[in-house]
Amino acid sequence: MTTTDHAHDSGDHRDPTLYRTPADAVAAPPEQFAHVVGFDPTAQRADALFTVGTDPESPLYGRVTSHAELPDLGNELHHFGWNACSSALAHAGHHHPARRYLIVPGLRSSRLHVFDTGPDPARPRLVKVVEPEELAAKAGYSRPHTLHCGPDAMFLSCLGGADGADGPGGVALLDHETFEVLRAWETDRGPQRFAYDVWWHLGRNIAVTSEWGTPSMIEDGLLPDLLLARRYGHSLHFWELDSGRHLQRVDLGDENQMVLELRPAHDPEATWGFTNTVVDVEDLSASVWLWNRDGEDFVVRKVITVPAEPARTEDLPPALRPFGAVPPLITDIDLSVDDRWLYISAWGTGDLLQYDVSDPFRPRRTASVRLGGVVGRQPHPAEPDTPLTGGTQMVELSRDGRRVYVTNSLYATWDAQFYPAGIDPWMVKLDADTTHGGLTVDPRFFPHGPDFLGLRVHQTRLHGGDASSDSYCYRG
């Protein structure tokens, strides 16, 4: 398949969803739709891209309005992103960029599926498939994990080397308009070998990458021997953004296993941001860390610790029975566009935590809501008698910070270890108090189960942009 009309054919007017500043993004009209990926953990059915109505005045609110199935099997759709977003305003070569195409990586298959939202945002249509052979031949990578639209290209972080090899993982660059793989981004990778996320401080020409593990370390589930031997990733890497040159590695300590999400400040001149670690092998806690620049170097410090919760052995899945506790397992975080509120999803306990990070060095916890969880299985208020499976996992935040969307699946093989009874898909919306802090589950918004055709749902992207998919060129 090929695209028939490209993003630069959008006319003489700039896409209004490309915002010059974070304040412009906050003030823009709210999202009308959410796009959510769903996958079949057995790889027997096609994965799909779902669209959910988010306009509270519409009869389609909280309902799946459409879905587009993939033509192939075994993709395990994961983190996806836009071909262009606000950072495109920094690149003069794209005269008429538009936030139009969603590029959806398959973490298992290494395929990329391109969906066009231009003709009808409520019904994206598949227009192109980039095969794994192209990713391997042109960039030397496989197992694409996270895609972000950058100023000069799309940045695609990949966990594996060519054809599923164990690395090193890294970042492939893709063309904004043709979606072709251009090359590997790194020109000097230094000590970096593991990959997971990639983000940047646009005004400072600094990129940051994090670490999970190679394909053999993750595809069969969380491997206890590797975990206890502290073999998963535990470092952050800082780079020169335009050249792909490695500048500095900061080790968070090998007890802090799996350094995942990167949430830099949205202020383009800032040099701080948050990341999370999934588990401390010494006490099963999880943590959030702050990086910031001190002179020419970056320093990283732990600013939030979430402890494990004791539990009866008989209530635990086999993987956790030797420990007698539920680890919180922080698997996603999200930072509001105004850089004031941080959200933390603890997939093990099912907690969604809200912190006031007006002072990022001293986060202050302001609210928490529990949904699902390994032991508690806390229900949704719309169905108070039905225990939820899975737990709060991927979290996405509206640009104005008032709406928080959460889904419940992590990764098929890891789902099976921590939720062996299975995971029934659900998506939840919470209303956030952005003045004093606070979270309330919206009882009207609860697509789940058959609404998603039984496919497990993972990441969400919001029409017009969201808190974790844009970087901005100007402060104000």
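Summary of the structure given here. All of these numbers come straight from a predicted model, not from anything done at the bench.

Some points on the side chain of Ser 469
Then, in step 1: Looking at the secondary structure, you find Ser 469 in the segment after strand 30 (456–462).
Then, in step 2: A polar contact of 2.7 Å, which involves the side chain of Ser 469, links it to the side chain of Asp 466.
Then, in step 3: Not counting chain neighbours up to four residues away, the residues in contact with Ser 469 comprise Trp 82, Cys 85, Arg 99, Cys 149, Trp 199 and Arg 461.

Considerations on the sheet that holds strand 11 (residues 181–184)
Then, in step 1: One open sheet accounts for four strands, arranged 8-9-10-11; its pairing is antiparallel. Because the sheet does not close on itself, it has two edges, and the strands there are strand 8 (141–149) and strand 11. Within this sheet the neighbouring strands show an average axis-to-axis angle of 30 degrees, counted without direction.
Then, in step 2: The sheet contact formed by strand 9 (residues 154–161) and strand 10 (residues 170–174) spans five bridges and is antiparallel. Of the residues in strand 10, the one forming a bridge with Ser 157 is Val 171.
Then, in step 3: Sitting on the sheet, helix 2 (residues 132–139) touches strand 8, strand 9, strand 10 and strand 11, and the angle it makes with strand 11 is about 45 degrees.

Side note on the packing of aromatic side chains
Then, in step 1: Under the counting rule described, the total for this entry stands at 16 aromatic pairs.
Then, in step 2: Ring geometry for Trp 212 and Trp 414: centres 5.3 Å apart, planes at 70 degrees, overall edge-to-face. Separated by 202 residues along the polypeptide, Trp 212 in the loop between strand 13 (206–209) and helix 3 (215–218) and Trp 414 in helix 5 (residues 412–418) bring together distant segments of the chain. Judged on exposure class, the residue Trp 212 and its partner Trp 414 are both buried.
Then, in step 3: Their ring planes at 5 degrees and their centres at 4.1 Å tell us that Phe 238 and Phe 298 sit as a pair that is stacked. Taken together, the residues span a long stretch of sequence, with Phe 238 in strand 14 (residues 235–240) and Phe 298 in strand 19 (residues 297–306) at a distance of 60 residues.
Then, in step 4: Looking at Phe 238, the relative accessible area reads 0%, which means it is buried.

Some thoughts on the state of the cysteines
Then, in step 1: Taken as a whole, this structure holds one disulfide when the rule is applied.
Then, in step 2: Across a sulfur-sulfur distance of 1.9 Å, Cys 85 and Cys 149 are joined as a disulfide pair. What sets the handedness of the Cys 85 and Cys 149 disulfide is the S-S torsion sign, and at about 115 degrees it is right-handed. Remark: Cys 149 occurs in strand 8 and Cys 85 occurs in the loop between strand 4 (81–82) and strand 5 (101–105); sequence separation between them is 64 residues. Neither residue differs from the other here; Cys 85 and Cys 149 are each classed as buried.

Calculation rules
- Residues numbered from 1 in each chain as written.
- Predicted model: local features only at pLDDT ≥ 70, side-chain atom pairs only at ≥ 80, totals over all residues.
- Heavy atoms only, no water.
- Helix = DSSP H or I, 4+ residues; strand = E, 2+ residues; numbered from the N terminus.
- Polar contact = N/O pair within 3.5 Å; in protein donor to acceptor, adjacent residues only side chain to side chain.
- Contact = heavy atoms within 4.5 Å.
- Pairing = 2+ DSSP bridges.
- Axes fitted to C-alpha atoms, helices over the stretch in contact; angles between N-to-C directions.
- Phe/Tyr/Trp six-rings, centres within 6.5 Å; stacked < 30°, edge-to-face > 60°.
- Buried < 20%, exposed > 50% of the residue type's maximum accessible area, 1.4 Å probe, protein only.
- Disulfide = S-S within 2.5 Å.

Don't take any of this as a statement about function, it's just geometry.
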